[in-house]
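Summary of structural features
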Amino acid sequence: MTYEVRLCAPGGAVGTAAPAPLGVVTPYGLEGLAAADVILIPAHGGHRAEPPPTVRAALRAAADRGCRVASVGTDVFTLAAAGLLDGRHATTSWRHMKELAARHPRVSVDPLGTVARDGSFLTTAGVFGGMDVCLHLLAGDRGRRVAGQTSRELIAPLHPYADDVQDTIARELTRSAGLEPTLAWMRFRLHTPLTLTDLAAHARTSPSSLSRRFRAHTGLSPRQYLLRTHLQEAQRLLEETGVPVERLAAETGFASPASLRSHFRALTGTTPRDYRRSRRGGEGAACAPSASGRSRRSAPLKAPSGWWHLPDRPADGTRRG
């Protein structure tokens, strides 16, 4: 599988935002979106303005034919203003979450601030948002192994003396971008056991400091966040693949199928098998993805009212410390 990248803008030209605005001439106007499988909208300075009618129409047409539409950072405001996110989960940079919720009350704002996927729409946040959403799409198209290899290549040192420089950059990014680098690192290791100590080491902080930062950034403890992320990955695999539940538990970091079923039922009110059947319209647990390769519209994880007060330690064993 190869990807053809097209740069499109209304009228074939667009200006970037401050502090160093640039004029960009693109090879394609909005007609370039007509046959796209994925549309990725970068953040821009005019995100609070209503999108032009031509942009709104082009995005609606793409969404209606099943095209995946992704936004980076504040450009979620463009999708929301076009009415494409009404009744859906979406996210943005944590600095803009309250504004997004206030401006667009019909959008359910995900406080985790990583990659929020609802049907064919993906929204993401922060410094690494563009890379995060591209890796998420790559994982869906080519599998998590390919996405993980690509991620490692993107951050590999370019010469043998780059380690110290990379560590310094990583520390600065962690301080400036909050938890987003660590959250992205976690998402590509859901099949492995992760402990609070592992997370703190990656974030270059102490476990107690990490716990405080997690609650301030996400409203959850690290263990609660891990549990929710594991369950969201299980939900995705149930919708998009025919992986048996017994194997799916291992692939999503649960110690056993029984552990997966217990947590899944607690937070969705149904079993993994019944969830898969309902999302696939009765096709059965062993069916393959649709011929187009795109998943059907998925509902966000429905948590019970006590979700935000789950105990720090799960009732039975997920593969975490």
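Presented here is a report on the structure given in the accompanying data block. Note that this is a predicted model, so its numbers are computed, not measured. (Residues numbered from 1 in each chain as written. Predicted model: local features only at pLDDT ≥ 70, side-chain atom pairs only at ≥ 80, totals over all residues. Heavy atoms only, no water.)

In contact at an axis separation of 9 Å, helix 12 (residues 257-268) and helix 13 (residues 272-279) are set at 60° when each is read in the N-to-C sense. With respect to helix 13, the element helix 12 is oriented oblique. Contact residues: L260, R261 and F264 in helix 12; P272, R273 and Y275 in helix 13. Here the contact of helix 12 with helix 13 is composed, by residue class, of four nonpolar, no polar and two charged. (Axes fitted to C-alpha atoms, helices over the stretch in contact; angles between N-to-C directions. Helix = DSSP H or I, 4+ residues; strand = E, 2+ residues; numbered from the N terminus. Parallel < 35°, antiparallel > 145°, perpendicular 65-115°, else oblique. Contact = heavy atoms within 4.5 Å. Nonpolar A, V, L, I, M, F, W, Y, C, P; charged D, E, K, R; others polar.)

Here we take up the nonpolar core. Counting residues in each nonpolar core, the largest one holds 22 residues, and the members touching the most others are I39, L59, L79, L84 and L85. Among the elements of the structure, strand 3 (38-41), helix 1 (53-64) and helix 2 (76-81) are those that each provide at least two residues to this core. Those residues in contact with L84, other than ones at most four positions away along the chain, are L59, R60, A63, L79 and F121. (Core = buried A, V, L, I, M, F, W, Y, C linked by side-chain atoms within 4.5 Å. Buried < 20%, exposed > 50% of the residue type's maximum accessible area, 1.4 Å probe, protein only.)

Before going further, it helps to spend a moment on the packing of aromatic side chains. Applying the stated rule across the entire model yields two aromatic pairs. Taken together, a centroid distance of 5.6 Å and an interplanar angle of 65° make the contact between F214 and Y225 edge-to-face. Here F214 is found in helix 9 (residues 207-218), whereas its partner Y225 is found in helix 10 (residues 222-240), with eleven residues between them in sequence. Centre to centre, the rings of F264 and Y275 are 5.4 Å apart; their planes meet at 75°, and the pair counts as edge-to-face. (Phe/Tyr/Trp six-rings, centres within 6.5 Å; stacked < 30°, edge-to-face > 60°.)

The residue V146 is located in helix 5 (residues 144-155) in this model. For the pair V146 and L135, spaced eleven residues apart in the sequence, the C-alpha separation amounts to 9.1 Å.

Read across the open sheet, the four strands follow the order 3-4-8-7; overall the sheet is mixed. With partners counted over all chains shown, the strands left at the sheet margins are strand 3 and strand 7 (115-118), one partner each. This sheet shows a mean twist of 15° between the axes of neighbouring strands, independent of strand direction. Note that strand 7 and strand 8 (residues 121-124) share four bridges and pair antiparallel. Looking at strand 8, one finds that V115 is bridged to T124. (Pairing = 2+ DSSP bridges.)

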